[in-house]
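Listed below, chain by chain, are the residues.
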Number of protein chains: 2
Amino acid sequence: MPVTVVGSIAFDAVKTPFGERERMLGGAAVHFALAASFFDEVRIVGPVGEDFGEAELAVLRRRNIDTSGIEHVAGGKTFFWRGEYGWDLNTRETLDTQLGVFESFKPKLSPAARESDVVFLANIQPDLQLSVRKQCTNTRFAALDTMNLWIDTARESLVKVINQVDCLIVNDAELRQLAGKASVVGAAREVLSWSKTNGRAVVAKLGEYGAALITRDGYFSIPAFPLETVVDPTGAGDCFAGGFVGYIAAQRDKPLTPTLLRRAMAYGTAIASFNVVEFGTERVARLQMHEIDERVVDLRRMTAFS
Amino acid sequence: MPVTVVGSIAFDAVKTPFGERERMLGGAAVHFALAASFFDEVRIVGPVGEDFGEAELAVLRRRNIDTSGIEHVAGGKTFFWRGEYGWDLNTRETLDTQLGVFESFKPKLSPAARESDVVFLANIQPDLQLSVRKQCTNTRFAALDTMNLWIDTARESLVKVINQVDCLIVNDAELRQLAGKASVVGAAREVLSWSKTNGRAVVAKLGEYGAALITRDGYFSIPAFPLETVVDPTGAGDCFAGGFVGYIAAQRDKPLTPTLLRRAMAYGTAIASFNVVEFGTERVARLQMHEIDERVVDLRRMTAFS
């Protein structure tokens, strides 16, 4: 059964110190799906407008992603984001956001999607995430991402849906904000304490510094793969999540041991490092599995000490 | 032969969300010396005023640090720094700096100090660092730290002294500024390219995210030890440097292999994590070697994946 991801499918206009693109395929669900597709079958669910055509679908289909859950809204326009990054790519300014078809998106999963055993709720309004979560009655592993906007404006729903998934995957700044704690590990443990039954893990995405995995009794940290040039960080976090969740999905009947989760972190890290060396989906769209495997080996070499 | 560290010996006034101290022992050379003292003999060199007394010296002497190189300036006042940290301890504001005896400091090493085989030039004006570097004619390993002020105001001297040491140990923001490159690894490789004979390694201190070691053909990254509460980050970077350089110093005749350098990174990381859980030197002053060893084991456990 494929991994189902529900979230934004977008056109992005991005300017970085290394160039710009006026309109390219983007969106959290797209980056996630491409990354996860290296490990398992993936079904993408989200709305697009009439401006979304065969060229965009082809990028997904070439990676065997099931696009039947993409909702084409007649007369609608696809979600659009325009942003510009600062010189060191650690700051970015949103210059324009046009929700388009996302404004009235009410996710309704197909019978097949409801049976998914692995689900990723990309960053959308928490009530929509809750609705998707409730439709999936057969999950083995569910994870979600969110953002500062929802922590500010829809905290109650957000906490509710966090307590109904196995894993929260967020930036460290968002994690601190969510828990009201300055320490990443302290904030993660706080979130894990909210539910006795769910919430096995929190992943803090640390941007160029890597990612940390916090469970009730464990901690694991992995650096980002070192790159001399980052061209466009857009979607790196979603790629990470796609690699992480996709790897877990592919392990089918295996228990979610620390060993398995750590390896998933390494695969997420490896894919994200390819994402950022070109604009948008350009590099990941032509990535090969052996390149990912090699990078995981490199990451192990770069972190081991005796 | 002891490790010699030349740099600031200070009184700090620090306010953090967890409390404040109006006047406590501080300064880069002090934090470095205390950390390095767990591995090797240490000699500290720097000026103090008449306000610097037995109580402060006792903190150093209890760790068997050679204080004969501390220059007591008659009528002078010890370097003073006052700062306040923001809620997540990642931002800090300098509220007052009084150079005092540091204003006219001209480091003149004793004959014994000149023979040191390991020297650390803590963050002081680069021309003074150059002067110290030239006085030490017998070094096996020399390292230095610096800051944004000197990159802005004394770049030429700074580059000169960097090219005469084996290892540069700086914050990542300073490294980027120094090399004019956004990527940490790119900036480090740039600095390493400045000298053909020296400059074996660059260590980028990443604050709460850990540290990275970059050599001409290698890369190693280690996260900070995860802490639920950080009380006072002052001196953490100097503690790290003290553990790192001290560990290297203690290895005497062993070649500086990647294995040795990585282990040194782990020891620096371990000691820095103790420094930040109390104010100033309070925690490290009563630290025990077995606690450091245990933390290195923990760090290995928290970073390993297969």
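Every value quoted in this text rests on a predicted model; they were computed, and no experiment measured them.

How should I be thinking about the relation of the copies chain A and chain B in this particular structure?
Relating the two copies of this chain is a rotation about some axis coupled with a shift parallel to it. Superposition record for chain A on chain B: RMSD 0.0 Å, screw rotation 180°, translation along axis 0.0 Å. The transformation just described matches what one would write down for a two-fold rotation axis. A shared interface surface links the copies, since 100% of the contact residues of chain A are contact residues in chain B too.

Would you mind going over helix α7 (residues 172-179) of chain B with me for this structure?
Every α-helix winds through 3.6 residues per turn, so residues three or four apart in the chain are directed the same way. All names here are of chain B. Summarising burial for α7: six of the eight residues are buried, a large majority. All of the buried residues along α7 are D172, E174, L175, R176, L178 and A179. Those residues of α7 that are buried lie in contact with α5 (148-153), α6 (155-162), β10 (167-171), α8 (184-192) and β11 (201-205). Immediately beyond the C-terminal end of α7, within one or two residues, lies G180, with a positive phi of roughly 65°.

Explanation requested: the layout of surface pockets in the structure shown.
A probe matching the size of a water molecule, rolled over the atoms, marks out where space remains unfilled. Put simply, the second largest pocket is a space of about 410 Å³. Put simply, the parts of the chain that give the lining of the second largest pocket at least two residues each are α12 (289-303) of chain A together with α8, β12 (211-215), β13 (219-222) and α10 (258-275) of chain B. It is α10(B) that contributes the most residues to the lining of the second largest pocket, three residues altogether.

It is not clear to me how the environment of R216(A) should be interpreted in this structure. Could you clarify?
All names here are of chain A. Looking at the secondary structure, you find R216 in the loop between β12 (211-215) and β13 (219-222). Take R216: its relative accessible area is 42%, and that puts it in the partly exposed class. Sequence separation of R216 and D232 is 16 residues, and the distance between their C-alpha atoms is 34 Å. For R216, the side chain forms a polar contact with the main-chain oxygen of L192, separated by 2.8 Å.

Explain the sheet that holds strand β7 (residues 92-98) of chain B to me, please; I cannot follow it from the model alone.
Strand-to-strand pairing in sheets goes through backbone hydrogen bonds, with the strands running parallel or antiparallel. Residues and elements named next belong to chain B. Taken in spatial order, the four strands make up an open sheet running β3-β2-β6-β7, and their pairing is mixed. Single-partner strands in this sheet number two, and they are β3 (19-26) and β7. Mean inter-strand twist for the sheet, computed between neighbouring axes without regard to direction, equals 15°. Sheet analysis places strand β2 (residues 10-16) next to strand β6 (residues 79-85), joined by six bridges and oriented parallel.

I tried to follow the interface of chain A and chain B on my own but got confused; where do I start?
Accessible area lost when the parts come together is the quantity often used to give the size of an interface. At the junction of the two partners, chain A supplies 37 residues and chain B supplies 37 residues. Between chain A and chain B, roughly 3200 Å² of surface is buried when both sides are summed, and carbon and sulfur atoms account for 58% of that area. It is Y209(A), E228(A) and F305(A) that lose the most area in chain A upon contact with chain B, and together they represent 23% of the buried surface on that side. One can count four salt bridges joining chain A with chain B. The partner of R176(A) in a salt bridge is E208(B), and the shortest N-O contact between them spans 2.7 Å. Our count for the chain A to chain B interface comes out at 20 residue pairs in polar contact (both at pLDDT 80 or more). Put simply, the parts of the chain that give the side of chain A that touches chain B at least two residues each are α7 (172-179), α8 (184-192), β13, α10 (258-275) and α12 of chain A. Per-element tally for the side of chain A that touches chain B: the top contributor is α12(A), with six residues. Here the residues of the side of chain A that touches chain B are counted per class, giving 18 nonpolar, eight polar and eleven charged.

Sorry if this is basic, but what is going on with the sheet that holds strand β6 (residues 79-85) of chain A here?
Residue and element names in this part refer to chain A. Strand order in this open sheet of four strands is β3-β2-β6-β7, and the pairing throughout is mixed. Looking along the sheet, the strands with just one partner apiece sit at the ends: β3 (19-26) and β7 (92-98). The sheet shows a mean angle of 15° between the axes of neighbouring strands, direction not considered.

What exactly am I supposed to notice about the environment of V132(A) here?
All names here are of chain A. Position of V132 relative to the elements: it lies in helix α4 (residues 126-135). Residue V132 is classed as buried on the basis of its relative accessible area of 0%. As for V132 and F120, which are separated by twelve residues in sequence, their C-alpha atoms are 9.7 Å apart. Beyond its immediate sequence surroundings of up to four residues, V132 is in contact with V6, P107, L109, V119 and L121.

When you look at the pattern of salt bridges in this model, what are you seeing that I'm missing?
A side chain with one charge may pair with a side chain of the opposite charge, provided their charged atoms come close. Tallied over the entire structure, the rule returns 30 salt bridges over all chains. As a salt-bridge pair, D166(A) and R200(A) come within 3.1 Å of each other at their nearest N and O atoms. With D166(A) in the loop between α6 (155-162) and β10 (167-171) and R200(A) in the loop between α8 and β11 (201-205), the pair connects residues that are 34 residues apart, well separated along the chain. Among the residues examined, R200(A) registers a relative accessible area of 40% and is labelled partly exposed. Between D172(A) and R176(A) there is a salt bridge whose closest N-O contact spans 2.9 Å. Of the two residues, D172(A) and R176(A) are both situated in helix α7; the distance of four residues between them amounts to about one turn of the helix. Neither residue differs from the other here; D172(A) and R176(A) are each classed as buried. Connected through salt bridges with shared partners, the residues D172(A), R176(A) and E208(B) form a single ionic network.

About the thresholds
Residues numbered from 1 in each chain as written. Chains lettered and ligands numbered in written order. Predicted model: local features only at pLDDT ≥ 70, side-chain atom pairs only at ≥ 80, totals over all residues. Heavy atoms only, no water. Least-squares fit on C-alpha atoms with pLDDT ≥ 70 in both. Contact = heavy atoms within 4.5 Å. Buried < 20%, exposed > 50% of the residue type's maximum accessible area, 1.4 Å probe, protein only. Helix = DSSP H or I, 4+ residues; strand = E, 2+ residues; numbered from the N terminus. 1 Å grid on protein atoms, 1.4 Å probe; cavity = no way out; pocket = protein on both sides within 12 Å on 5 of 7 lines; lining within 4 Å. Points joined across faces, edges and corners; volume = space filled by probe spheres on them. Polar contact = N/O pair within 3.5 Å; in protein donor to acceptor, adjacent residues only side chain to side chain. Pairing = 2+ DSSP bridges. Axes fitted to C-alpha atoms, helices over the stretch in contact; angles between N-to-C directions. Buried area = accessible area lost by both parts, 1.4 Å probe. Salt bridge = Lys/Arg side-chain N within 4 Å of Asp/Glu carboxyl O. Nonpolar A, V, L, I, M, F, W, Y, C, P; charged D, E, K, R; others polar.

In short, shape yes, function no, at least from these values alone.
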